[in-house]
Amino acid sequence: MVELSGAQEYDLVHGFFNAAAVHGLSWVEHMHRHGTSTEVLGRIAVQSRRHAQANPDAAFREPMTLGDWRDSAPLIWPLRELDVCKVNGGAAAILLASPEAARACSKLPIDFLAVGREATHALERGVQMSFSPRRRAAKMLYEAAGIGPPQVDVFFPYEASTVAAAAALENYGFCAPGECERFVGDGSRIAIDGELPVNTHGGHLSGGYLIGLTHHVELVRQLRGECGPRQVRDAKVALYASGGGIRAQFYHAATLFARGDWHA
Amino acid sequence: MPERTRPNPKSPHEQAWWDHLAADRLSLQRCSACGFVRHPPGPVCPECWSEEFAWQAMSGQGRVLSFVWYLKSLDRRFQEVPYNVALVELAEGPALITNVIDCAFGDLQVGDAVRACYAREKGFTALLFRKVG
């Protein structure tokens, strides 16, 4: 018999585990509140795969249709297998340096503009988990940078599942609360040549799960204009947003980046 | 039946929660300073940081805020699928992760009224819920 301590045991007694379960709870609540369907999740999964197909470093590059997503195995209802990222091997690295040192390097430096973060003990108050129309991390971030969502050229949400990407669109002000399904539409708006390209490397869903590191590698490459066929035209500002937690605490953090030669 | 993981309370507050359940009581800590009712149990109010509290019996009435169904077994202790995990808001305010038992896949909805029940497991009692009516 396994023994546990800490907040986890209040979950495991009930068989509640895996981030996809938290996202599932969030999405069922969203569907009830806003009348959304799971289809938007499929659109996000398919768009991630399209981006991965243009990325030689991506883990999952075979073609995927909305039908493939719909036919994938039910996992934790309402999520399917193709809604959830897989565990895979891989490696990525980021070099951090002072502005002086970065400017002495041969490549264009990428600047940190601002950071936003927050933590909340959510479940016991019955508030929304993955979704939050009053995301304090977003407010902190945009206020510190002096810009808003319209200035973001490319968006990198950390997505253990498709729900996290949908939530990030609302939480970081790219659409109103409840509007993620309408915003994503047929997926073209979050494509490389769309209004808001999302996870141009394929994200965790199709690019591979390296806990946000590949998001940062891609972000730097996009801002430097090194992405070839998947390059977002004139990308100057990028936003990375992560959220996590299960049980007693949820935390969100986001970072804004810009080309070293960019000024607001 | 799933092999529910036996809890291993590490503080008197955690122990008290399981002791209440073993006596078929759903009790939560209510902050004596600000009135906030908290879960999971702990020594400090997460709202006002007061260490003063009293255990308060809950009515056991609640409603489903959200739920998921595990349709594929992802853990050897929970091989019998489907089973649900629900977020239930108690009439008194706080919400808990639990299971709604005697309920088939497709029969659970957001907003469903539920009532607490107590299940004897190996060495402890689990708090579960059933649909009302």
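Residues numbered from 1 in each chain as written. Chains lettered and ligands numbered in written order. Predicted model: local features only at pLDDT ≥ 70, side-chain atom pairs only at ≥ 80, totals over all residues. Heavy atoms only, no water.

**A closer look at the overall build of chain A**
Rules: Numbering of helices and strands runs from the N terminus; a helix is a DSSP stretch of H or I covering at least four residues, while a strand is a stretch of E covering at least two. This radius of gyration counts C-alpha atoms alone. The globule rule is 2.2 Å times how many residues there are, raised to the power 0.38. Exposure categories follow from relative accessible area, calculated using a 1.4 Å probe and restricted to protein chains: below 20% of the type maximum is buried, above 50% is exposed, and the middle band is partly exposed. Two residues qualify as a contact provided that any one of their heavy atoms is within 4.5 Å of a heavy atom in the partner residue. Using the Shrake-Rupley algorithm and a 1.4 Å probe, accessible areas are obtained, with residue cover drawn only from the displayed protein chains. Residues scored as charged are limited to Lys and Arg (positive) and Asp and Glu (negative), so that His and the chain ends carry no count. To locate a charge, the coordinates of NZ of Lys, CZ of Arg, CG of Asp or CD of Glu are taken.
When you go through chain A residue by residue, the secondary structure sums to 10 helices and 7 strands. Here the C-alpha radius of gyration of chain A, 18 Å, is about what a compact globule of 264 residues would show, namely 18 Å. Taking the principal axes of its C-alpha atoms as reference, chain A extends roughly 55 × 40 × 40 Å. The buried share of chain A, reckoned over its 264 residues, is 56%. The long-range share in chain A, meaning contacts at least 24 apart out of those at least 6 apart in sequence, stands at 69%. Accessible surface, chain A as shown: approximately 11,200 Å² in total, 52% of it carbon and sulfur. Computed over 25 positive and 28 negative side-chain charges, the inter-centroid distance for chain A is 3 Å.

**Topic: the pairing of strand β6 (residues 237-244) of chain A**
Residue and element names in this part refer to chain A. Counted only if it meets this: At least two bridges found by DSSP between two strands are what make those strands a pair.
The pairing of strand β5 (residues 154-157) with β6 spans 4 bridges and is parallel. Bridge pairing links Pro157 to Ala241 in β6. Looking at chain direction, β6 and strand β7 (residues 250-259) are connected through 8 bridges and run antiparallel. Bridge pairing links Gly243 to His252 in β7.

**Focus on the confidence of the model for chain B**
Here is the rule we go by: The predictor attaches a confidence to each residue, and that confidence, scored 0 to 100, is pLDDT.
Mean pLDDT over chain B stands at 93; residues scoring 70 or higher make up 98%. Taken over the whole predicted complex, pTM reads 0.93, whereas the ipTM for its chain interfaces reads 0.93.

**A word on the packing of helix α3 (residues 39-53) of chain A against helix α7 (residues 162-171) of chain A**
Residues and elements named next belong to chain A. In plain terms, the rule: Here an axis means a line fitted to C-alpha atoms, over the contact stretch when the element is a helix, while the angle between two N-to-C directions is reported on a 0 to 180 degree scale. Orientation is classified from the angle alone, with under 35 degrees giving roughly parallel, over 145 giving roughly antiparallel, 65 to 115 giving roughly perpendicular, and any other angle giving oblique. We call Asp, Glu, Lys and Arg charged. Ala, Val, Leu, Ile, Met, Phe, Trp, Tyr, Cys and Pro are nonpolar, and the rest, Gly among them, are polar.
Where α3 contacts α7, the two axes come as close as 9 Å, and the packing angle between them is 100°. When the axis of α3 is compared with that of α7, the two are roughly perpendicular. Here Leu41, Ile44 and Ala45 of α3 lie close against α7, whose contacting residues are Thr162, Val163, Ala165 and Ala166. Looking at the contact of α3 with α7 residue by residue, the class counts come to 6 nonpolar, 1 polar and no charged.

**Structural notes on a nonpolar patch on the surface**
Residue and element names in this part refer to chain A. Keep this limit in mind: Patches here are clusters of residues that have more than 30% relative accessible area and form no salt bridge, with a 9 Å joining cutoff for like charges and a 5 Å cutoff for nonpolar side chains (Val, Leu, Ile, Met, Phe, Trp, Tyr). Each reported salt bridge corresponds to a side-chain nitrogen of Lys or Arg within 4 Å of a carboxyl oxygen of Asp or Glu.
Taken together, Ile94, Leu96, Phe112 and Val115 make up a surface patch of nonpolar side chains, about 400 Å² in accessible area. Structurally, Leu96 is set in the loop between β3 (79-80) and α5 (99-103). Residue Leu96 is classed as exposed on the basis of its relative accessible area, which comes to 64%.

**What to know about the packing of aromatic side chains**
All names here are of chain A. Counted only if it meets this: Only centres within 6.5 Å qualify two rings of Phe, Tyr or Trp (six-membered ring in Trp) as a pair; their planes then separate them into stacked at under 30 degrees, edge-to-face at over 60, and tilted for everything else.
Summed over the entire model, instances satisfying the criterion amount to 15 aromatic pairs over all chains. Considering the side-chain rings of Phe112 and Phe257, the 4.9 Å spacing of their centres and the 45° angle between planes classify their relative orientation as tilted. One end of the pair, Phe112, is in strand β4 (residues 110-120); the other, Phe257, is in strand β7, and 145 residues separate them in sequence. For Phe257, a relative accessible area of 6% puts it in the buried group.

**A word on empty space enclosed by the protein**
Heads up, the condition is: Method remark: on a 1 Å grid restricted to protein atoms, a set of points is classed as a cavity if a 1.4 Å probe fits but cannot get out and as a pocket if it is open with protein on both sides within 12 Å along at least five of seven lines; lining residues have an atom within 4 Å of a point. Grid points are joined across faces, edges and corners, and a volume is the space filled by probe spheres set on the points.
Scanning all chains against the criterion turns up 3 cavities of 30 Å³ or more. Roughly 90 Å³ of volume is contained in the largest cavity. What lines the largest cavity is a set of 11 residues, among which A:Tyr10, A:His14, B:Trp17, B:His39 and B:Ile97 lie closest to the centre. Elements with a minimum of two residues in the lining of the largest cavity: α1 (12-22), β7 (95-98) and β10 (124-131) of chain B.

**Here's the deal with the sheet that holds β5(A)**
Residues and elements named next belong to chain A. What the 4 strands build is an open sheet, ordered β4-β7-β6-β5; its pairing is mixed. At either end of the open sheet lies a strand with only one pairing partner, and these are β4 and β5. The average undirected angle you get between the axes of adjacent strands in this sheet is 15°.

**Focus: the sheet that holds strand β3 (residues 37-38) of chain B**
All names here are of chain B. Across the sheet, which stays open at both edges, the 3 strands sit in the order β3-β2-β4 with antiparallel pairing between neighbours. Unpaired on one side and paired on the other, β3 and β4 (53-57) mark the two borders of the sheet. Inspection of the sheet shows strand β2 (residues 27-31) paired to β3 by 2 bridges, in the antiparallel sense. Within the sheet, the bridge partner assigned to Arg30 lies in β3 and is Val37. On top of the sheet, α1 reaches β2 and β4; it is set at about 15° to β4, its chief contact.

**Topic: the interface of chain A and chain B**
Rules: By convention, the term buried area covers the 1.4 Å-probe accessible surface removed from two parts as they join, with the contributions of both added. The term polar contact refers here to a pair of N or O atoms within 3.5 Å; inside protein, the definition further demands a hydrogen-donor-capable atom paired with an acceptor-capable atom, and it admits residues adjacent in sequence only when both atoms are side-chain atoms.
Across the contact, 35 residues belong to chain A and 46 residues belong to chain B. A combined buried area of about 3,700 Å² lies between chain A and chain B, and 64% of that area is made up of carbon and sulfur atoms. The interface formed by chain A and chain B includes 0 salt bridges. Viewed at the interface, chain B and chain A are joined by 10 residue pairs in polar contact (both at pLDDT 80 or more). Residue contributions to the side of chain A that touches chain B peak at 6 residues, all from helix α2 (residues 19-34) of chain A. Residue composition of the side of chain A that touches chain B, grouped by class: 19 nonpolar, 9 polar and 7 charged. Bridge count for strand β2 (residues 74-77) of chain A against strand β5 (residues 61-70) of chain B is 2 bridges, and the pairing is antiparallel. Within β5(B), the position partnered with A:Ile76 by the bridge is B:Tyr70.

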